[in-house]
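Observations on the model geometry
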Amino acid sequence: MENFPQSVSINMQPYGRTWAGSPATAFGPTVTSFVQPEPVTNPQDFVLWSFFNSMFCNPFCLGFIALVFSVKARDKKIAQDPAAASTYGRTAKHLNIAALSLGIVGTIILIVVLAVYYNNLRVRSHL
């Protein structure tokens, strides 16, 4: 695909006709317009987010599964199949959201449980 606009020239004077006092010629006023090609959508693959989730926030292996779908999305993007790349990318995004949400909730629950446990342990040692 070309990234620059293509020029189109249109001859506005009919060929072989003469207007009053003008010679018969193929040259006349030329109108040049630029045609903008439609932008190609670039589907996202979320590989970095999936890698982060698979390393640091991987409840129920959701981060690893998201990484697999992200790699599939990147492969389809390279193979010039934007529809499949978009589908795999969307699945990877949803899995990443689920993995990150469960990881954050799990971390908060762990911190609360540990705080309560150590608080009870400290109270019992003073008795």
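Attention here is on the structure that accompanies the text. All values derive from a computational prediction rather than experimental measurement.

Quick look at the packing of aromatic side chains
- On inspection of all chains with the given rule, the structure shows 4 aromatic pairs.
- Judged by centre distance (5.9 Å) and plane angle (45 degrees), the rings of Phe69 and Tyr88 are tilted. Of this pair, Phe69 sits in helix α2 (residues 62-78) while Tyr88 sits in helix α3 (residues 82-126), placing them 19 residues apart in sequence.
- Owing to a relative accessible area of 23%, Phe69 belongs among the partly exposed residues under this scheme.
- Over the face of the ring belonging to Phe69 we find Lys72, whose NZ or CZ atom lies 5.5 Å from the ring centre.

Topic: a nonpolar patch on the surface
- On the surface, Leu110, Leu114, Tyr117, Tyr118 and Leu121 cluster together into a nonpolar patch covering about 530 Å² of accessible area.
- Within the fold, Tyr118 resides in helix α3.
- For Tyr118, a relative accessible area of 51% translates into the label exposed.

Section: the packing of α2 against α3
- Where α2 contacts α3, the axes come no closer than 8 Å and their chain directions differ by 160 degrees. Between α2 and α3, the angle is such that the two are roughly antiparallel. Judged by the twist between their axes, the crossing of α2 over α3 is left-handed. In this structure, α2 uses Leu62, Gly63, Ile65, Ala66, Phe69, Ser70, Lys72, Ala73, Lys76 and Lys77 to contact α3, whose residues at the interface are Ala84, Ala85, Tyr88, Gly89, Thr91, Ala92, Leu95, Asn96, Ala98, Ala99 and Leu102.
- Grouping the constituent residues of the contact of α2 with α3 by class yields 13 nonpolar, 5 polar and 3 charged.

Details of α2
- Spanning 17 residues, α2 covers 24 Å between terminal C-alpha atoms, matching the ideal 24 Å at 1.5 Å per step.
- Buried positions along α2 lie against α1 (47-56) and α3.
- At the C-terminal side of α2, Gln80 shows a positive phi close to 60 degrees.

Considering the environment of Ser125
- Secondary-structure assignment places Ser125 in helix α3.
- Given a relative accessible area of 54%, Ser125 falls into the exposed group.
- Separated by 2.8 Å, the side chain of Ser125 and the backbone oxygen of Arg122 make a polar contact.

What counts as what
- Counting from 1, residues in each chain are numbered in the order their sequence is written.
- Owing to the predicted nature of the model, reporting of local features is limited to residues with pLDDT of at least 70; listing and counting of side-chain atom pairs is limited to 80 or more, with chain, interface and lining totals taken over all residues.
- Heavy atoms throughout the structure, all of them, feed into the side-chain values; hydrogens and water do not.
- Any two rings among Phe, Tyr and Trp, with Trp reduced to its six-membered ring, count as a pair given centres within 6.5 Å; such a pair is stacked if its planes are under 30 degrees apart, edge-to-face if over 60, and tilted if neither.
- Working definition: helices are DSSP H or I runs of at least four residues, strands are E runs of at least two. Numbering for both runs from the N terminus.
- Per-residue accessibility, obtained with a 1.4 Å probe over protein chains only, is compared with the maximum for each type, and a residue is labelled buried under 20%, exposed over 50%, and partly exposed between these values.
- For a ring to carry a charge above it, either NZ of a lysine or CZ of an arginine must fall within 6 Å of the ring centroid while also lying within 35 degrees of the normal to the ring plane.
- The patches reported here contain residues having more than 30% relative accessible area and no salt bridge. Joining distances are 9 Å for like charges and 5 Å for nonpolar side chains (Val, Leu, Ile, Met, Phe, Trp, Tyr).
- Shrake-Rupley sampling with a 1.4 Å probe provides the accessible areas, and residues are treated as covered by the protein chains on show and by no other component.
- Here a salt bridge means any side-chain nitrogen of Lys or Arg lying within 4 Å of a carboxyl oxygen belonging to Asp or Glu.
- Fitted lines through C-alpha atoms give the axes, limited to the stretch in contact for helices. The angle between two N-to-C directions lies from 0 to 180 degrees.
- The scheme is simple: roughly parallel for angles under 35 degrees, roughly antiparallel for over 145, roughly perpendicular for 65 to 115, oblique for anything else.
- Handedness of a crossing follows from how the near helix is turned relative to the far one, being left-handed for an anticlockwise turn of less than a right angle and right-handed for a clockwise one.
- Note on definitions: a residue-residue contact is assigned when non-hydrogen atoms from the two residues lie within 4.5 Å.
- Three classes are used: nonpolar for Ala, Val, Leu, Ile, Met, Phe, Trp, Tyr, Cys and Pro, charged for Asp, Glu, Lys and Arg, and polar for all others, with Gly counted as polar.
- A helix's residues, less one, multiplied by 1.5 Å, set its expected span.
- The term polar contact refers here to a pair of N or O atoms within 3.5 Å; inside protein, the definition further demands a hydrogen-donor-capable atom paired with an acceptor-capable atom, and it admits residues adjacent in sequence only when both atoms are side-chain atoms.

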